[in-house]
Amino acid sequence: MGKTSKDKRDIYYRKAKEEGWRARSAFKLLQIDDKFNILHGVTKAVDLCAAPGSWSQVLTRRLNENYEKLKEAKSDCTLIAPKIIAVDLQAMAPIEGVIQIQGDITNINTAEQIIAYFDNEQADLVVCDGAPDVTGLHDMDIYIQSQLLLSALRITLRILKPKGTFVAKIFRAKDVTLLYSQLKIFFTSVICAKPLSSRNSSFEAFVVCRDFNLPEDFNPDSLDTSISEFSKLKGVNGYIAPFVICGDLSQPDSDTSYPLDFEGQKFEYCKPTQSPINPAYEEAISLLSVINLGKDSASCTLQGSSMTIDDFKSQYKTKKRS
Amino acid sequence: MISLDMNTDVLAIKCIKNYVFIGIGCTIYVLNNIRCKLEIKINVLHPDNIYDIINKSDDKLIVYGKKSLCILSISFRDDFIRIEQIDEIIRFDDWIINVKWLGALSDPTLTILFANNNVYNFELFSKQYFNTHCKERCLLYSGTIFGQSCKNTLIFSGTVFQEILIWRVMHNSNMKFSEVLHRLIGHKGVIFSVLYNPLNNLICSTSDDRTVRLWKISSTLINDLNNAVWKNIEITLQTTMYGHIARVWKAIFLKNIIASIGEDSRICFWTLLGVLLYKIEAHHGAPIWCIDISEDNIVFTGGGDGSVNSWPLKNINPLQNHVLLEINNHMLPKHIHIINRIKNKWYHIGKYKIEDSKIFSIKWLNIDTILVCVAEGHLYIIQFLKFSIKILSEHVLPTSRQRWVTSACVYNNLLVCGDRIGSIYVYNLQNNEKYPVQSFRKIHGQFGVQSCIIMNCNLITTGRDRTLKFYKFCDISGHNPTIEFLHAKTMPMDWVSKLIKHKNYYYVLGFKEKEFIIYNLSLKRIVSKILCGGGHRSWDCVMYNKLTNFAYIQKKQVYIVTISLDTLYNPPLLNAFHTKQINCIKILHILSKHHYILISGGEDCTLFISSIIPKSQSRVKFIDFFNGHLSSIKCISIFTVLIDKNISKHLIFSGGGRAQLKLWEITIKTNTANNNTLSNENISCKDLLSYMLHGLDKKRNKIWVGNELIYNTDTETRYMDISTINNPQNMDNILVFIACSDGCLRSFSYSIQTNQIKLINTLMNKNRCILKVHITMATDGLLNIWNVISTNDIFEIKNVTIDGKHDLSLHQSGINSFDIKILNNYEYILATGGDDNLLNLLIFKIIFQHNEVLSIHVVSSWGTISIHSAQITGIILLHNRIISVGRDQKLAVHKYSYNNSKICAMFLKEINLCISDVQGIILCVNQKPNTHLFCVYGKGFQLLEV
């Protein structure tokens, strides 16, 4: 694939690199905020499954902008500067103004850590753009995504303020109504939002859940024994969340092909802002420079638990030389 | 509703005795392994897909997938098998990872491992269960249950966090959680499979990190599944194996061999020490999902292309290889030596000089005729007489840098030659013409033609451009016989050297890098690879009886390799279809009551032709496939040129990625005696042209000006939809309208006579991707209607106003499907389905105003958002019904009525579909009164009667 193929395929991929976002998904949150104003008045926000960090970038930029504007307008010293916490299992390159927690969202300690950072207060907003690496088996991908969303919801039940907002990625496919129904138990308003920057051909959409309200008889601890207990919460049967498109005709569309010199600007190639961190296939890929695994006879075997890929490579090279 | 036939990912395979049990979608197929015959086909898990089939001795089958499970009872009697569903489908709240029936048949307790790392001991009769949760709470992609009884069970679970956890199932214990006994750390990605083999104390795991790992259990006492013992044993990583180039889904033990399967379509066979034995590319690039081995050592695999293949597990090194003779001669050939074998002895019978030049090549044309190529491209056809030779004719090869013949054949009065620079020349022998009557310059690229073969009265040429090219002869017994190019097929080798037929199968012989390849064209499978050093050598290969002999020269020695053919392959149990998602299917109308033809295109860049035979058990039969698209095929439009009882002719316009439009001509003979089967011989497909909007893209993307790299900033347009109509002014002319992803509506004019296509209009509509054309619909949810004015010299497209406006907003975002019907003279009904879950019905009227400009008036509309919960991707309007399908895998039926200028519709029923990523639906035929046959497509297809 050519260096510019991706740039040609998707305008948002190109724009993200030009504007310094770590991923094109930044535009999705921007467009959701433009439509629903979810960032208005938010001082404490949590970004779950944050890596590579594009949503945290959006949160810092927008929340600080809002804060500066308010400060100018009111010159009120009681205003609180926004606090943003990003949680992910993976390490992530630091972002200014974002506190990072490297931890598991299913772990109760993570929830406690977040609340401690907020000086024992709960968050106004929780967002989650996490998605599994898709396997190609749609059923499986949809299931794993739904479990990820439920994990995010479970921690949200602990860390979100009453009336707070929760935004998360959802796959709009078979059985999505069950998820809508489950969310509807905890939020007065559940809307399915599709930003223009998300492709028409993609399953992806976002649930914008507002007005958080934990039912009186509901104890979040009861969900701790198992995530699967969630599956038993049924709620309103077969609820279909209203669908709302985010973004207007003035913004580009991710399905449309645009010339590289779009809007009169001369195209210049930009490198990706952030390359993937520790992908699973990293070691296998590093082997390719030594042996072509695609060949029928090619393989690499590491004996025991101490031999590493580098050992193999150096052995291979010495063997080849002799 | 009856689901009649289906093709999608094959996720489960189980061999029991002589039978192979296959899970496709929600259906189980039972095939007799010996006869290769489909015995039973039953829907067992609808609407969930079968992920695995487990046997409990030879009596019961546990079939499960997603959150459902069911038990079947099986009985074998001599040559007969019976299957019965014992109970209803049991549905759980969580995803099932693995199931075992550990106890005796009299103790019907199932052990079920779920994706949240918990286990049910589930009593089948009472439906009571005891739940054990592992202390480690996490999501599993895989896991295995091991034990002799449900009271003493171990779990090996493979987590999303790259670990394998070993823990025990508790039985009526008071403890809340089960402790993790062992934690195997080493994989760098999600664990896709774990397997424990008690016979050799090995645990085998596969992962997203593309490795297969073996873990050794060091203890002598593990047969006693005692908690203490398992706690005290040591488990160490024994080997890490890299061989796949994508994710490894699964591995199984086959005696002393491990077979792993992956996303890269390969099966790797390893020894227990981790040494790679060999690899097979098994499913044409589609992922391999499942594998099992039969009692007689045949490996079965099921893949993403919907096929099931079988591989004999024998010949790891079966090739007989021996040196025949040594030649050590450095002379240039200038003479022809003829040797003849009489009674097992070779006699030299003559030596003749044709011209005083080096002989470049000799090709056999007949039993007694050869073509000799000498310098300056002079060609002689020579016949051997008893004691002399006779020059029958002389010809001249057109000039080129490497001017010699590499292949030749004769058919009736035509001589066909291929040369070193990849051109094909046709000479008419009747008129004794020196120069070619037809030439196909560089049709095989620059590296030359390898062979010309006549097969079934057609010409096939092969070349070093990875292709087979098909031609037909025209007017062969007339005065001006010619050949006509039909289409090309890409082969999995660099040099395609020869095509031979042996016992109902076509084999393609050729070379890839240093190997000689034997490829079965009918089964689309590489049968054998022989390391010989590559294609630059003298060689020959013959097949007779069950043996293949391949002779070649390497390092001045002649080698012969003998392979036994039938140990090398078995035919597939189920045939392959598209390897990736299908984007479009269209029906080709022929006047036959026995079958219907489907043309389909998909993400795999391949065009398939298949037929539906409504009255047979497996209704969809694959006929042929065609390459030629550089990127995915997104849309197809069929234009019927000719249709009658005996023959029909159609033009297929296919478009897709890289702004490529291809045009094919398909001719179907329906007058053949055997009405039940349509085979390749009844159908011929001609690749008429390929039109790329931006031209061929060699070096198009990177342009160097001095030291500076300039990027080509053109748009990479995708063609989203095609619509064709006859030009009312000129019957030879077809107008082609294409919806493009750059927001343009492009119009082309195609002339049938000259086979030329020309861009005649580019209408910059909007900066939104247009999804559908007929009327146009885009990702902004707007509907536009156009009036096309085409006279001899004017071509104009004008927007038609809808109630005074340029467009009509129907949906919030993309309109992904539509259907339109004429109600009466001026009124139309339009149904649209969108990304916004909305199903819309619209009645509009065309108004002719006094100045003849049309306008549209919307009469009535109706819509619902409460039926589909995801994008609606297919709609069909019937007489009073509307059928819609969506990516929520649902098919909905509404009844509509139009009275007193008001349209309204009522929901009737819905059906869950088994195939995922639904892209559309087509109406196949009105088969019986009141029922319709539909084909829903996406990841595979499903044929159903509604």
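Residues numbered from 1 in each chain as written. Chains lettered and ligands numbered in written order. Predicted model: local features only at pLDDT ≥ 70, side-chain atom pairs only at ≥ 80, totals over all residues.

*Asks:* Describe the overall build of chain B, listing the residues and the values that go with them.
*Replies:* Helix and strand content of chain B: one helix and 82 strands. The 946 residues of chain B split such that 45% are buried. Long-range pairs, those at least 24 residues apart, make up 46% of the contacts in chain B with a sequence separation of at least 6. (Helix = DSSP H or I, 4+ residues; strand = E, 2+ residues; numbered from the N terminus. Buried ≥ 20, exposed ≤ 12 C-beta atoms within 10 Å, placed from the backbone. Contact = placed C-beta atoms within 7 Å.)

*Asks:* Outline the overall build of chain A, supporting the account with residue identities and numerical values.
*Replies:* When helices and strands are tallied, chain A shows nine helices and nine strands. Of all 322 residues assigned to chain A, the portion counted as buried reaches 46%. Long-range pairs, those at least 24 residues apart, make up 72% of the contacts in chain A with a sequence separation of at least 6.

*Asks:* Go over the interface of chain B and chain A, please, and point to the residues and values.
*Replies:* Contacts between the two partners involve 68 residues from chain B and, on the opposite side, 58 residues from chain A. Where the side of chain B that touches chain A is concerned, the elements lending two or more residues are β23 (234–242) and β27 (276–281) of chain B. Broken down by element, the side of chain B that touches chain A gets its largest block of residues, seven residues, from β23 of chain B. Of the residues in the side of chain B that touches chain A, the class split is 15 nonpolar, 30 polar and 23 charged. (Nonpolar A, V, L, I, M, F, W, Y, C, P; charged D, E, K, R; others polar.)

*Asks:* Residues and numbers for the environment of Asp494 of chain B, please.
*Replies:* Residue and element names in this part refer to chain B. Structurally, Asp494 is set in the loop between β45 (482–490) and β46 (495–502). Sequence separation between Asp494 and Glu910 is 416 residues, and the spatial gap between their C-alpha atoms is 50 Å. Ignoring anything within four residues of it in the chain, the contact list for Asp494 reads Arg464, Arg466, Phe511 and Lys512.

*Asks:* Lay out the domain arrangement of chain A in plain terms, naming residues and giving numbers.
*Replies:* If you check the domain split of chain A, you get domain 1 (5–246) and domain 2 (280–321). Taking only C-alpha atoms into account, the centre of domain 1 of chain A sits 40 Å from that of domain 2 of chain A. (Domains from an automatic or database assignment.)

*Asks:* Help me get a handle on the sheet that holds strand β2 (residues 83–88) of chain A, residues and values and all.
*Replies:* All names here are of chain A. If you trace the eight strands from one edge of the open sheet to the other, you get β3-β2-β1-β4-β5-β7-β6-β8, paired in mixed fashion. Looking at which strands have only one partner, the edges of the open sheet turn out to be β3 (98–102) and β8 (243–246). Between one strand axis and the next, the sheet turns by 20° as a mean value, whatever way the strands run. With five bridges connecting them, strand β1 (residues 44–48) and β2 associate as parallel partners. Its bridge partner lying in β2, Ala45 is registered against Ile84. Along the sheet, helix α6 (residues 138–159) makes contact with β1, β4 (123–128) and β5 (160–171), crossing β5 at roughly 170°. Its contacts with the sheet place helix α7 (residues 176–184) against β5, β6 (187–195) and β7 (204–212), and it is angled at close to 140° to β6. (Pairing = 2+ DSSP bridges. Axes fitted to C-alpha atoms, helices over the stretch in contact; angles between N-to-C directions.)

*Asks:* How would you sum up the nonpolar core? Please name residues and give values.
*Replies:* Counting 322 residues, the largest nonpolar core has Leu48, Val126 and Val207 of chain A together with Ile22, Val63, Val416 and Val936 of chain B as its most contacted members. Per element, the largest residue contribution to this core is eleven residues, and it comes from α6 of chain A. When neighbours within four sequence positions are excluded, Val63 of chain B is seen to be in contact with Gly23, Ile28, Val44, Leu45, Ile50, Ile53, Cys70 and Leu72 of chain B. (Core = buried A, V, L, I, M, F, W, Y, C linked by C-beta atoms within 7 Å.)

*Asks:* Give a description of the pairing of strand β75 (residues 854–864) of chain B that names residues and reports values.
*Replies:* Residue and element names in this part refer to chain B. Note: strand β70 (residues 795–802) against β75, two bridges, orientation parallel. Across the sheet, residue Ile802 finds its bridge partner in β75, namely Ile856. Two elements, strand β74 (residues 839–848) and β75, share ten bridges in a ladder whose sense is antiparallel. Each residue of the ladder has a partner; that of Lys845, found in β75, is His857.

*Asks:* Go over the UniProt feature "active site" (unreviewed entry) in chain A, please, and point to the residues and values.
*Replies:* Residue and element names in this part refer to chain A. When the UniProt feature table is mapped onto this chain numbering, "active site" (unreviewed entry) sits at Lys169. On the secondary structure map, Lys169 appears in strand β5. Taking the C-beta count within 10 Å as the criterion, Lys169 has 22 such neighbours and is therefore assigned buried. (UniProt positions renumbered as here; feature names shortened; annotations may be inferred.)

*Asks:* Describe in detail α6 of chain A, supporting the description with residues and values.
*Replies:* With 22 residues, α6 of chain A extends 31 Å from end C-alpha to end C-alpha; this agrees with the ideal 32 Å at 1.5 Å per step. Of all the 22 residues making up α6 of chain A, 18 are buried; the element is thus mostly covered by neighbouring parts of the structure. (Expected span 1.5 Å × (residues − 1).)

*Asks:* An account of unusual backbone geometry is needed here, citing residue identities and associated values.
*Replies:* Pro52 of chain A follows Ala51 of chain A through a cis peptide bond whose omega is 0°. Locating Pro52 of chain A in the fold gives a position in the loop between β1 and α4 (54–74). Look at the link from His46 of chain B to Pro47 of chain B: it is a cis peptide, with omega at 0°. Positionally, Pro47 of chain B belongs in the loop between β5 (37–43) and β6 (52–56). Notably, Asn37 of chain A is not glycine yet its phi reads approximately 55°, a positive angle. As for its placement among the helices and strands, Asn37 of chain A is situated in the loop between α3 (26–36) and β1.

*Asks:* Any chance you could break down the packing of helix α5 (residues 108–117) of chain A against α6 of chain A for me, citing the residues and the numbers?
*Replies:* All names here are of chain A. Packing of α5 against α6 brings their axes to within 10 Å, and their N-to-C directions diverge by 40°. The angle between α5 and α6 places the two elements in the oblique class. Along this stretch, α5 crosses α6, giving a crossing that reads as right-handed. Together, Thr110, Ala111, Ile114 and Ile115 of α5 and Ile155, Arg158 and Ile159 of α6 make up the contact between the two elements. (Parallel < 35°, antiparallel > 145°, perpendicular 65-115°, else oblique. Left-handed = near helix turned anticlockwise from the far one by under 90°.)

*Asks:* Give a detailed account of the sheet that holds strand β15 (residues 140–149) of chain B, specifying residues and quantitative values.
*Replies:* Residues and elements named next belong to chain B. Taken in spatial order, the four strands line up as β15-β16-β17-β19 in an open sheet, and their pairing is antiparallel. In the strand order of this sheet, the two ends are held by β15 and β19 (180–185), each with one partner. If you compare each strand with its neighbour and ignore which way they point, the axes differ by 15° on average. Both β15 and strand β16 (residues 152–159) contribute to a ladder of eight bridges, which runs antiparallel.

*Asks:* Describe the packing of α3 of chain A against α4 of chain A, naming the residues involved and giving the relevant values.
*Replies:* Packed helix pairs are specified by the crossing angle of their axes together with the interaxial distance, meaning the distance between the axes. Residue and element names in this part refer to chain A. One can describe the packing of α3 onto α4 by two numbers: an axis separation of 8 Å at closest approach and a directional angle of 40°. Our classification of the angle between α3 and α4 gives oblique. The two elements α3 and α4 meet at a crossing, and its hand is right-handed. Judged by residue contacts, Ala26, Leu29, Leu30 and Asp33 of α3 engage Ser54, Trp55, Gln57, Val58 and Arg62 from α4. Partitioning the contact of α3 with α4 into residue classes produces five nonpolar, two polar and two charged.

*Asks:* Pulling in residues and values, what's your account of the pairing of strand β39 (residues 414–419) of chain B?
*Replies:* All names here are of chain B. Counting buried residues along β39, six of its six residues qualify, which places the element largely inside the surrounding structure. By the alternation rule, side chains of β39 split into Leu414, Val416 and Gly418 and Leu415, Cys417 and Asp419, which are all buried. Bridging between strand β38 (residues 405–411) and β39 involves six bridges; their strand directions are antiparallel. Bridging from a neighbouring strand, Tyr411 pairs with Leu414 of β39. Pairing of β39 with strand β40 (residues 424–428) involves five bridges; the strand directions are antiparallel.

*Asks:* Mind laying out the confidence of the model for chain B, listing which residues take part and the relevant values?
*Replies:* On average, residues of chain B score 85 in pLDDT, and 89% of them are at 70 or above. As scored by the predictor, the complex reaches a pTM of 0.88 and an ipTM of 0.91. (pLDDT = per-residue confidence, 0-100.)

*Asks:* Summarise α5 of chain A; cite the residues concerned and give the values.
*Replies:* Residues and elements named next belong to chain A. Burial in α5 covers these residues: Thr110, Ala111 and Ile114. All buried residues of α5 project into a common sector of 100° when viewed along the axis, lining one side. Away from its buried face by more than 90 degrees, α5 exposes Asn109, Glu112 and Ala116. Summarising the contacts, the buried residues of α5 are in contact with β1, β2, β3 and α6. Just downstream of α5 lies Asp119, where phi reads positive at about 55°. (Arc of directions from axis to C-beta.)

*Asks:* Tell me about the environment of Ile84 of chain A, residues and numbers included.
*Replies:* Residue and element names in this part refer to chain A. Looking at where Ile84 falls in the secondary structure, it is placed in strand β2. Taking the C-alpha atoms as reference points, Ile84 and Leu59, 25 residues apart in sequence, are found 7.3 Å from one another. For Ile84, the contacting residues outside a window of four places in its chain are Ala45, Asp47, Ser56, Leu59, Thr60, Leu63, Gly97, Val98 and Ile99.

*Asks:* Which residues make up the environment of Asn583 of chain B, and what values go with them?
*Replies:* Residue and element names in this part refer to chain B. Mapped onto the elements, Asn583 comes out in strand β53 (residues 582–588). As for Asn583 and Lys939, which are separated by 356 residues in sequence, their C-alpha atoms are 8.9 Å apart. Apart from residues lying up to four places away in sequence, Asn583 is in contact with Gly601, Gly602, Glu603, Ser632, Ile633, Lys634 and Gln919.

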